Number of protein chains: 8
Amino acid sequence: RRRGYPEAVFCEGKSPAHLRAIATALLERHGGDPAPDVPRTLFTRADAERAQAVLDVLPDALHEPEARLLAWPPTPPEPTGGLVVVACAGTSDLPVAREAELTARFLGRRTELVVDVGVAGLHRILARTETLRAAAAVIVVAGMDGALPGVVAGLVSAPVVAVPTSVGYGAAFEGLAPLLTMLNACAPGVGVVNIDNGYGGGHLAAQIAAPRRD
Amino acid sequence: RRRGYPEAVFCEGKSPAHLRAIATALLERHGGDPAPDVPRTLFTRADAERAQAVLDVLPDALHEPEARLLAWPPTPPEPTGGLVVVACAGTSDLPVAREAELTARFLGRRTELVVDVGVAGLHRILARTETLRAAAAVIVVAGMDGALPGVVAGLVSAPVVAVPTSVGYGAAFEGLAPLLTMLNACAPGVGVVNIDNGYGGGHLAAQIAAPRRD
Amino acid sequence: RRRGYPEAVFCEGKSPAHLRAIATALLERHGGDPAPDVPRTLFTRADAERAQAVLDVLPDALHEPEARLLAWPPTPPEPTGGLVVVACAGTSDLPVAREAELTARFLGRRTELVVDVGVAGLHRILARTETLRAAAAVIVVAGMDGALPGVVAGLVSAPVVAVPTSVGYGAAFEGLAPLLTMLNACAPGVGVVNIDNGYGGGHLAAQIAAPRRD
Amino acid sequence: RRRGYPEAVFCEGKSPAHLRAIATALLERHGGDPAPDVPRTLFTRADAERAQAVLDVLPDALHEPEARLLAWPPTPPEPTGGLVVVACAGTSDLPVAREAELTARFLGRRTELVVDVGVAGLHRILARTETLRAAAAVIVVAGMDGALPGVVAGLVSAPVVAVPTSVGYGAAFEGLAPLLTMLNACAPGVGVVNIDNGYGGGHLAAQIAAPRRD
Amino acid sequence: RRRGYPEAVFCEGKSPAHLRAIATALLERHGGDPAPDVPRTLFTRADAERAQAVLDVLPDALHEPEARLLAWPPTPPEPTGGLVVVACAGTSDLPVAREAELTARFLGRRTELVVDVGVAGLHRILARTETLRAAAAVIVVAGMDGALPGVVAGLVSAPVVAVPTSVGYGAAFEGLAPLLTMLNACAPGVGVVNIDNGYGGGHLAAQIAAPRRD
Amino acid sequence: RRRGYPEAVFCEGKSPAHLRAIATALLERHGGDPAPDVPRTLFTRADAERAQAVLDVLPDALHEPEARLLAWPPTPPEPTGGLVVVACAGTSDLPVAREAELTARFLGRRTELVVDVGVAGLHRILARTETLRAAAAVIVVAGMDGALPGVVAGLVSAPVVAVPTSVGYGAAFEGLAPLLTMLNACAPGVGVVNIDNGYGGGHLAAQIAAPRRD
Amino acid sequence: RRRGYPEAVFCEGKSPAHLRAIATALLERHGGDPAPDVPRTLFTRADAERAQAVLDVLPDALHEPEARLLAWPPTPPEPTGGLVVVACAGTSDLPVAREAELTARFLGRRTELVVDVGVAGLHRILARTETLRAAAAVIVVAGMDGALPGVVAGLVSAPVVAVPTSVGYGAAFEGLAPLLTMLNACAPGVGVVNIDNGYGGGHLAAQIAAPRRD
Amino acid sequence: RRRGYPEAVFCEGKSPAHLRAIATALLERHGGDPAPDVPRTLFTRADAERAQAVLDVLPDALHEPEARLLAWPPTPPEPTGGLVVVACAGTSDLPVAREAELTARFLGRRTELVVDVGVAGLHRILARTETLRAAAAVIVVAGMDGALPGVVAGLVSAPVVAVPTSVGYGAAFEGLAPLLTMLNACAPGVGVVNIDNGYGGGHLAAQIAAPRRD
Ligand SMILES: Nc1ncnc2c1ncn2[C@@H]1O[C@H](COP(=O)(O)O)[C@@H](O)[C@H]1O
Ligand SMILES: Nc1ncnc2c1ncn2[C@@H]1O[C@H](COP(=O)(O)O)[C@@H](O)[C@H]1O
Ligand SMILES: Nc1ncnc2c1ncn2[C@@H]1O[C@H](COP(=O)(O)O)[C@@H](O)[C@H]1O
Ligand SMILES: Nc1ncnc2c1ncn2[C@@H]1O[C@H](COP(=O)(O)O)[C@@H](O)[C@H]1O
Ligand SMILES: [Mg+2]
Ligand SMILES: [Mg+2]
Ligand SMILES: [Mg+2]
Ligand SMILES: [Mg+2]
Ligand SMILES: [Mg+2]
Ligand SMILES: [Mg+2]
Ligand SMILES: [Mg+2]
Ligand SMILES: [Mg+2]
């Protein structure tokens, strides 16, 4: 792949049959016992039925149902570069947060997950300051008011990748509210990706934290 | 006035001549040396020209140009009820914050103003926790990401009146972004008023903090 | 809980298994026969399946299916502070109105429900003026044109908490229309919460009507 | 004119020179002392400069600066059909209300104007019930929350023509808020026209109240 | 009923049990063989299940499944006033058009339905000019581009009631596109109601075409 | 120029000095008496001040103030291909219609302008059917309800290029209403360009009507 | 059909019974073995159930499930005019792209499909330049960022018909994002149709590429 | 400053007097001949009048009028970390692009500016591939269709910071169109900041390209 990163297959619009075909092509290219340096392929946004289609062909693939993600070969590459920390406020945002974390890990970064840090309880965020400051890139996932990335950006000097989610109701307008909040974050240093785009957030953070030779 | 609160004249759509007529009617009703219990009248959103029109007739009116507000008779009533604290992040939100504070004061509350407390610098907010907790109602004024009311609501048990402002640019969409943020605040206890509606925020907070006989 | 109010579990994004785990943790913390001063926990926006998951573990929990709410321990605390009146126009808004009322009651307020008072029949609202004026805080729940809170705010001097609902169709735009109406209410003294946010409206009103020591 | 009603010239996008040419054509067609049954021409949304351009050519034209309207020949036709009542809450909506009233009158209806009847003070509307019920069509003009037409429609059995205005600020979104309110009016019998479209509202009401031979 | 028109029960948010209760109350009030002058009750937006609930109690009610409407007693009153013509472009808009027509008929008007008259085939509209001009009120129902009401308003001098529908896809945005088109109709004399609001359109047209004593 | 068409300079964001520099570069490249086959350059959206800046350097440039357009060398190329007809309803849309027409002419097409053909007066459009049918491409420019392109597309079999304009007010929302109408046109064969984009509409029509060798 | 093109039946809002009736009418008009010059009828947006309804009556109809399209008689007319090329980035946009291609073919054009040419891999588009330049009209179908039509328009001098799709999630807002992108395409020569409107795109391109006699 | 980066003063909402006070405070803190390691202060979004206010007090400040930016002390720090490349399509986006570049430089990065690389002329972008690939972070500034960042992200493996601008008209909706395009960019590795936020884009890129010790 041109830019040195794993290929990702977006499963949402594809039929199980189509996904089985993609998986079969992978299997044929690399064989059932692929070399350790075979590039990883990610299958993102795979519901149970689509995940099963991939597993039919690649039974040893890693499958994280909560993150709706599969990876094959199933082990991430040896990590290089800086640490990627993923933070979110609660269980509702976890699927997107985990998708981001796994993506960053399969792009070759060490990752750490920090949950239960909402802006309505500042002490919980402040208690995790050290972890957040250890990161080369912080991914912050938030729905509803989307205020967390701006607060985190005020605490760290590393770039913050903000991922708005569609969690919430009413005037959250399917993620529009947190998206706007993040674009207007008072602290500089926040880059925003699409609503619910855990994959994109993980990818960008992995690029930011990549080993560099300036 | 039916509900026991001062009358407010919204100056924005009115001509200077019209405002002079309103001021003259007031003067004629109460005389040039009004009794101390004469109900106060507020003139809101008065630009320089409109303020001058009011002052032409009522030269002793209180005029706060930054808040675009006039009051006559110029002294607020003796305060009763609980304290109203008004908080905002910086100088850009001050006109609306001051409009809110003065309105609450002229409705009969003690008020205190807390500025320079943005979410990108949590220590500044935390340093003011005691003041915030002393309030019977907290008004939080914020533009851009509008994250401050939710953070404050997490710190106090009194109701928070959130006033979004049109401060910001681009995806702040003239105050839409902070409005949505506030409606989606993660902490409960936040009631939102219209964008830039310092008058409405001050009025609501004064009602909340009014003396009560349950 | 930090601010002295019950904890609320938002059930919508959570699996039944997850809710059973939360309920089990509660049971383990307080035992099957909890002391009278055990803080109440609310489970909000629980559909039939999620409600059953909670009841599996806490069979004596209060369950109000219309309001999609459960509470445990099942009795509200002894009421203190002022009266909270909840008003709405008809049966369609009742689920949100009841959610608001129960929340206020479990936060420790006396509550009263006033239904069938739409703006298209003013005599019905006017007939309830006395009840509305007895409140320390009035919650007004309305969909479609959302005009009721402004009308009520013109009748009472207590604060009005306005809860827009997604009831309606077409240009109601899932609650956007009543939300905007309420933010633009002609009478001051209206604080708005998120669309369909009965819990938030009840919480805010309970805070407003809380016993106070100014 | 095809449908039997006066021609209207929308002045907003036209240059004074262009308007002078239109006025001159009128003058040439009907002469300086036109017959009583000459069809009236309305010039709508004419600011001072454009009004003067028309008056340069037709000095005896009726000019109502507040309504930004001119009419020539300057007297309305002898009224026929039913009464058109125009209602609004205050001075800010008067320009649109007057534009509506004058349009209806120049289309041949008797008209009456009812001002200062906002929803925040129901007694004022109720005090005018008799006048409202005398109408064959009621035009209700309102900005901000736009709640008045629905309230009036609940009081009368004649059709209500609702004209939203751009009066207000913030979440009024240049008239979007009252427009949506009116489209969602709880009482049936409300037909809505464009924001600030006093001319259109007056025209529709005049058609509704036209003499009829069923 | 206060304004002399039938009551309408909006079925969409109501349970079958609730509708059976409403129907039973009706039956008890008027008996199984109601007098000819008993006021009609309409049940609008009733899907199959809800319609059956009404029919369980009132088996002789008129049921028009396409219009999702029931009426009881099942015969409309003797028509008075002017003719109401309902026009639409095709089969997709028929449910709303029929709901409008039946509402107008049960409010006591003669009605006529004109279908298959889209703006992309002007000759078909022009061929129906005579019928359209016979109306005291024309209801025009249209989705997608919503251009038909403006074209019809240019052909007739009676008022046009425009009903936008959610028919269409993509940039029709659930009826927003035709709604805006109708509000901006080039010809005056168009009053707009809510998207898909056939009931409201029929009601307004019936009021416009009501017998009048000026 | 790569694709064989004239270069266009969008003047709106450029300073007069910058435009003089661009004009000077042109003059230097082609000399003051350019060969007949020198490619034409268009200056679009030039207000008076910017137009003067171009004329300072290229005094013989064609300048059409109404269309805010300049062209140099000032004569269009010898026309080839099919006829481009530009249609609009009235004077307000003329600047955009003329910009479209001149662009098409300077791209080498014969053009014809048809004005005063609104949908509220069908006979006027029908009277021009022959001209419209002679076109290889029809450009239809319309603001407000934007209904004209769909009506024209129903009359001709050539492609229709629809140009929405910001003409109108209120719910026209700066051209959004006609834009949506055109995208939802009932007749197929309509391609839409940006609001007020006369240049783009003229360019596309010229490409459609270009001489072709299939 | 008036304009010489096949009739299209939009199946989405129609019942299977209704479609069977339409198909039966066709069969009766042309017989089971129609003459070669019988005009083709297209059935668009037919899901499995609706397609089967058509096939019940016209078993020899062409059915392309992916494009949700049927055609009868099943063979396209002999091609005339120029080539229509349809381009899209990937499998998700294929249903719309195929609908466009088949429509153009049944309107009488030669067509070619170019897939897998996204803007994130320029070499793939550039590799197809020759094909794109052979077209008399290019249809570009794209969701998400919708950037492809502008890139293609920069490569060819033929008109580009841009079809936005609802492919994507979050801030793609059901196709709004690519729609806006296409309306703002930097290269001139792009005409936009409705979101997911493959039929409309194919129709317009077929008209553009039609044989012409200037 | 907490995070080691220069302070920035947002001038837009501040009065000249206020800015002079800020500048005076700086001067007093650091003296007229500040030490080389004094932290730089940026004044962003300063129009001519506000820039002059700063220069009145700090006459040796760097002032870039096009970027509306001032810096004091006027020389950037010695660069460290990786290269930041700023790319944009043309002169209209230059003010924002230069603001981004200068911000990155004053945060301590080497920078390079690449202009005139629009997506409608791919060869120009491709010709700059080497420069783009030399960057540790690429800032791409674009208005109108906002397609450039996605194209660039497909060419480089470094992170892309996308800055939408309000350049354009009509359906660009003040920058909304390019903002949505960028959030939906097909290539991963794009982080988006607020519309016209050159300062934020420069800041984020400087953080990404900062020297790192993993
Ligand atoms: N700044 C303001 N924002 C919102 N409402 C206001 C404001 N000032 C006054 N009002 C309300 O507007 C009413 C007066 O409006 P008017 O009669 O137009 O001056 C007062 O009774 C207030 O309720
Ligand atoms: N289809 C409808 N669309 C809009 N309003 C309706 C409709 N049907 C009934 N209504 C209105 O809703 C009221 C009854 O509401 P409800 O009490 O909820 O059944 C009636 O008085 C009507 O004014
Ligand atoms: N009025 C216009 N509207 C839209 N695009 C235009 C307009 N005029 C010129 N353009 C395009 O903008 C490009 C030139 O932009 P610029 O280099 O900023 O002058 C031209 O190649 C045209 O494609
Ligand atoms: N052009 C800008 N756009 C967005 N944020 C900015 C800009 N300039 C400064 N800021 C931020 O605004 C803060 C200063 O705001 P203020 O105190 O109002 O001057 C700085 O700390 C920056 O983070
Ligand atoms: Mg930071
Ligand atoms: Mg709190
Ligand atoms: Mg009140
Ligand atoms: Mg009524
Ligand atoms: Mg008419
Ligand atoms: Mg056509
Ligand atoms: Mg091209
Ligand atoms: Mg890349």
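I will try to describe carefully the structure that is included in this document. The residue count restarts for each chain, going from 1 along the sequence in the order it is written. Think of it this way: whatever chain is written first is A, whatever ligand is written first is 1, and the rest follow in order. Two thresholds apply to this predicted model, a pLDDT of at least 70 for residue-level local features and 80 or more for giving and counting side-chain atom pairs, whereas whole-chain, interface and lining totals are computed over all residues. Note that water and hydrogens are dropped before the side-chain values are worked out from all heavy atoms of the structure.

Here we look at helix α7 (residues 176–183) of chain H
For every residue, the accessible area obtained with a 1.4 Å probe (protein chains only) is divided by the maximum for its type, and the residue is called buried under 20%, exposed over 50%, and partly exposed between those limits. Note on conventions: DSSP H or I runs of at least 4 residues are helices, E runs of at least 2 residues are strands, and numbering of each starts at the N terminus. Burial analysis of α7 of chain H places 7 of its 8 residues in the buried class, the great majority of the element. The complete set of buried residues in α7 of chain H reads Ala-177, Pro-178, Leu-179, Leu-180, Thr-181, Met-182 and Leu-183 of chain H.

Describing the relation of the copies chain B and chain C
The copies were overlaid by least squares, fitting only the C-alpha atoms of residues that reach a pLDDT of 70 or more in each copy. It takes a turn of 180° to lay chain B on chain C, together with a shift of 0.0 Å along the axis; the resulting RMSD is 0.0 Å. In short, the pair behaves as if placed about a two-fold rotation axis. Working rule for contacts: check all heavy atoms of both residues, and any pair within 4.5 Å makes them a contact. Most of the interface of chain B is mirrored in chain C: 100% of its interface residues are interface residues there too.

Comments concerning the interface of chain B and chain C
The interface is formed by 33 residues belonging to chain B together with 33 residues belonging to chain C. Once two parts are joined, some of their accessible surface, as seen by a 1.4 Å probe, is lost; buried area is that loss totalled over both. Between chain B and chain C the total buried area reaches about 2500 Å² when both faces are included, carbon and sulfur atoms providing 53% of it. Only one rule defines a salt bridge in this text: a Lys or Arg side-chain nitrogen within 4 Å of an Asp or Glu carboxyl oxygen. Scanning the region where chain B abuts chain C turns up 0 salt bridges. Distance and chemistry together define a polar contact, namely a pair of N or O atoms within 3.5 Å, with one atom able to donate a hydrogen and the other to accept it when in protein, and with adjacent residues in sequence counting only for side-chain atoms on both sides. Linking chain B with chain C are 11 residue pairs in polar contact (both at pLDDT 80 or more), by the criterion used here. Counting residues per element, the ones that place at least two in the side of chain B that touches chain C are α7 (176–183), β9 (190–192) and α8 (198–208) of chain B. When residues of the side of chain B that touches chain C are assigned to their parent elements, the largest contribution, 5 residues, is made by α8 of chain B. Residues are grouped as follows: Ala, Val, Leu, Ile, Met, Phe, Trp, Tyr, Cys and Pro are nonpolar; Asp, Glu, Lys and Arg are charged; every other residue, Gly included, is polar. The residue inventory of the side of chain B that touches chain C, partitioned by class, reads 19 nonpolar, 10 polar and 4 charged.

Re the side chain of Arg-109 of chain C
Residue and element names in this part refer to chain C. Looking at the element boundaries, Arg-109 is found in the loop between α3 (94–106) and β6 (110–114). By relative accessible area, Arg-109 is classed as buried at 4%. At a separation of 3.2 Å, a polar atom in the side chain of Arg-109 contacts the side chain of Thr-80. Polar contacts involving the side chain of Arg-109 include one to the main-chain carbonyl oxygen of Ala-206, which spans 2.8 Å. With residues near it in sequence (within four places) discarded, Arg-109 still touches Tyr-5, Pro-79, Thr-80, Gly-82, Val-84, Ala-104, Ala-206, Ala-209, Ala-210 and Pro-211.

Comments concerning unusual backbone geometry
Residue and element names in this part refer to chain A. Cis rather than trans, the peptide bond between Trp-72 and Pro-73 has omega equal to -10°. Here Pro-73 is to be found in the loop between β4 (69–72) and β5 (83–88). Although it is not a glycine, Asp-196 adopts a positive phi angle of roughly 65°. By the element assignment, Asp-196 lies in the loop between β9 (190–192) and α8 (198–208).

Focus: the relation of the copies chain E and chain G
The transformation that overlays chain E on chain G combines an axial shift of 0.0 Å with a rotation of 90°, and the residual RMSD is 0.0 Å. What we have between these two chains is a four-fold relation. Across chain E, the smallest distance between a C-alpha and the rotation axis is recorded for Phe-173 of chain E, namely 7.5 Å.

Observations concerning the nonpolar core
Residues belong to a common nonpolar core when they are buried Ala, Val, Leu, Ile, Met, Phe, Trp, Tyr or Cys residues joined through side-chain atoms within 4.5 Å. The biggest cluster of nonpolar side chains holds 271 residues, and the ones touching the most others in it are Leu-132 of chain F, Leu-132 of chain G together with Leu-132 of chain H. The residues touching Leu-132 of chain G, leaving out its near neighbours within four places in the chain, are Val-85, Ala-87, Ile-125, Val-138, Val-152, Leu-155 and Val-156 of chain G.

Considering the sheet that holds strand β3 (residues 62–64) of chain F
Residues and elements named next belong to chain F. For two strands to be treated as a pair, DSSP must find at least two bridges joining them. The sheet built from 4 strands is open, its strands ordered β1-β2-β4-β3 with mixed pairing. The open sheet has two edge strands, β1 (7–10) and β3, and neither has a second partner. Here the strands of the sheet are splayed against their neighbours by 15° on average, with no regard to which way each runs. As judged from the 4 bridges shared by β1 and strand β2 (residues 41–44), these two strands associate in the parallel manner. To obtain an axis, a line is fitted to C-alpha atoms, over the contacting stretch when the element is a helix, and the angle between two such axes runs from 0 to 180 degrees between their N-to-C directions.

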